[in-house]
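# Notes for the structure review
Okay, here's what each chain looks like letter by letter:
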Amino acid sequence: EAGVTQFPSHSVIEKGQTVTLRCDPISGHDNLYWYRRVMGKEIKFLLHFVKESKQDESGMPNNRFLAERTGGTYSTLKVQPAELEDSGVYFCASSQVTALTGYTFGSGTRLTVV
Amino acid sequence: GESVGLHLPTLSVQEGDNSIINCAYSNSASDYFIWYKQESGKGPQFIIDIRSNMDKRQGQRVTVLLNKTVKHLSLQIAATQPGDSAVYFCAEKGNSGYSTLTFGKGTMLLVSP
C-alpha cells in the first residue's frame, strides 16, 4: 500500500511569491489533514477534510492560506502571498473515517520563505 | 536537513540504557493518545497508542503509561539504540470520529554509542 505522498519535498521561495503544496493520501482514506511545524516547535493543526468537504479549518492562520481537495482525492495547500513566518514543514496525513486511530503522515514539504 | 530538535527539551542517554520521555496533555476529555517519532527529513511515525480506558500498553521495546488523574503520558524505550535518536511527540485525540490530533511540544532523544 502506498503511503501518504507529498511534493515538493522542499521549496524555497521569495517573500510575496505563491507556493502550492500537494498531498496524495492513502487510497480509500476519506480523512485528510494538514499540519505545520514551525522550526523547533510543536506540530500544529491547520485543516481537516472529510472527502472533499472542509470539516475543520480552525487552524488556518489567515486568508493567505487556501486548501482544496477536489473530488475528495488529492489536496493542495496554497500560500499566497508567502511571508517569512510561513517557513516550516507542512505535513499531510490521512486516516479512515471510522477508525479511532492515529494518522499516517507524509514526509512533509519543507518551505523556506526568504 | 531540518533541525527537528532546535529549542526542544533534550534527553541524552547511552546506548543500552532505558529512556523515559514524558508528556503532559491538556484535555481531560481526550480519549486516545499516541506517541510519534520524527526523524529529520521524515514525517511523524506511529510508535504506540493507548486508549483512555487503559493505563499501560506494551509494544516491542516500548511501553506507554497513562495517568489520567494528572493528565500525564510517558513513553519508555528499553535498551535504547542509536537509531532511536529522534524527536518524540505525544498526541491526544477526542472521542469523536472527526476530532483531530493535538500534539505536545516534543522531546529530542539523543542516543550515544
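Residues numbered from 1 in each chain as written. Chains lettered and ligands numbered in written order. Predicted model: local features only at pLDDT ≥ 70, side-chain atom pairs only at ≥ 80, totals over all residues. Heavy atoms only, no water.

Assigned secondary structure in chain A consists of zero helices and eleven strands. Over its C-alpha trace chain A gives a radius of gyration of 13 Å, about what one expects of a compact globule, namely 13 Å for 114 residues. Projecting the C-alpha coordinates of chain A onto the three principal axes gives extents of approximately 40 × 25 × 20 Å. The long-range fraction of contacts in chain A, counting pairs at least 24 apart against all pairs at least 6 apart in sequence, stands at 51%. Each charge sign in chain A was given a centre, from 12 positive and 12 negative side chains, and these centres are 4 Å apart. (Helix = DSSP H or I, 4+ residues; strand = E, 2+ residues; numbered from the N terminus. Rg over C-alpha atoms; globule rule 2.2 N^0.38 Å. Contact = heavy atoms within 4.5 Å. Lys, Arg positive; Asp, Glu negative; His and termini not counted. Charge placed at Lys NZ, Arg CZ, Asp CG, Glu CD.)

A few words on the overall build of chain B. When you go through chain B residue by residue, the secondary structure sums to zero helices and ten strands. Along chain B, from the amino end to the carboxyl end, the secondary structure elements read β-β-β-β-β-β-β-β-β-β. The C-alpha atoms of chain B give 14 Å as radius of gyration, which agrees with the globular expectation for 113 residues (13 Å, within 12%). Of all intrachain contacts in chain B linking residues separated by at least 6 positions in sequence, the fraction that spans at least 24 positions is 55%. As presented, chain B carries roughly 5500 Å² of accessible surface, and 47% of it is formed by carbon and sulfur atoms. Separation of charge centres in chain B, based on 10 positive and 9 negative side chains, amounts to 6 Å. (Areas by Shrake-Rupley, 256 points an atom, 1.4 Å probe, with all protein chains shown as cover.)

Let us look at the pairing of strand β10 (residues 107-112) of chain B. Residue and element names in this part refer to chain B. Summarising the sheet, strand β1 (residues 10-14) and β10 pair through five bridges and their orientation is parallel. In the sheet register, Leu11 faces β10, and the bridge partner there is Leu109. Across three bridges, strand β8 (residues 86-93) lies against β10 in antiparallel orientation. Of the residues in β10, the one forming a bridge with Tyr88 is Thr107. (Pairing = 2+ DSSP bridges.)

Next up on the list: the sheet that holds strand β3 (residues 19-24) of chain A. Residue and element names in this part refer to chain A. Taken in spatial order, the four strands of this open sheet run β1-β3-β8-β7, and their pairing is antiparallel. The open sheet has two edge strands, β1 (5-7) and β7 (65-68), and neither has a second partner. The average angle at which neighbouring strand axes cross in this sheet is 15°, direction not considered. Pairing of β1 with β3 involves three bridges; the strand directions are antiparallel. Counted as the bridge partner of Gln6 is Cys23 from β3. (Axes fitted to C-alpha atoms, helices over the stretch in contact; angles between N-to-C directions.)

It is worth spelling out the confidence of the model for chain B at this point. Looking at chain B, the pLDDT average stands at 89 and 91% of residues meet or exceed 70. For residues 1-5 of chain B, every residue scores under 50 in pLDDT, and the model assigns this stretch 18 contacts once sequence neighbours within four places are set aside. (pLDDT = per-residue confidence, 0-100.)

Here we take up the packing of aromatic side chains. One pass over the full model with this rule turns up 13 aromatic pairs over all chains. Geometrically, the ring pair formed by Phe91 of chain A and Phe105 of chain A is edge-to-face, given 6.3 Å between the ring centres and 90° between the ring planes. Of this pair, Phe91 of chain A sits in strand β9 (residues 88-95) while Phe105 of chain A sits in strand β10 (residues 104-105); the two residues are 14 residues apart in sequence, bridging distant segments of the chain. Overall, the relative accessible area of 9% leaves Phe105 of chain A in the buried class. Measuring from centroid to centroid gives 5.3 Å for Phe105 of chain A and Tyr36 of chain B, while their planes differ by 85°, and the two rings are edge-to-face. You can see Phe105 of chain A sitting in strand β10 and its partner Tyr36 of chain B sitting in strand β3 (residues 32-38), one on each of two chains. Summarising the burial analysis for this pair, Phe105 of chain A and Tyr36 of chain B share the class buried. Aromatic rings pair up to connect Tyr33, Tyr35, Phe45, Phe91, Tyr103 and Phe105 of chain A together with Tyr36, Phe89 and Phe103 of chain B into one cluster. (Phe/Tyr/Trp six-rings, centres within 6.5 Å; stacked < 30°, edge-to-face > 60°. Buried < 20%, exposed > 50% of the residue type's maximum accessible area, 1.4 Å probe, protein only.)

Below, the discussion takes up the state of the cysteines. Applying the stated criterion to the full structure yields two disulfides over all chains. Here Cys23 of chain A is linked by a disulfide to Cys92 of chain A, with a sulfur-sulfur distance of 1.8 Å. The S-S bond linking Cys23 of chain A to Cys92 of chain A shows a torsion near -65°; that makes this disulfide left-handed. Remark: Cys92 of chain A occurs in strand β9 and Cys23 of chain A occurs in strand β3; sequence separation between them is 69 residues. The residues Cys23 of chain A and Cys92 of chain A share a single accessibility class, namely buried. Each sulfur of the disulfide joining Cys23 of chain B and Cys90 of chain B lies 1.6 Å from the other. Taken together, the residues Cys23 of chain B in strand β2 (residues 19-24) and Cys90 of chain B in strand β8 connect sequence positions 67 residues apart. Each member of the pair Cys23 of chain B and Cys90 of chain B is classed as buried. (Disulfide = S-S within 2.5 Å.)

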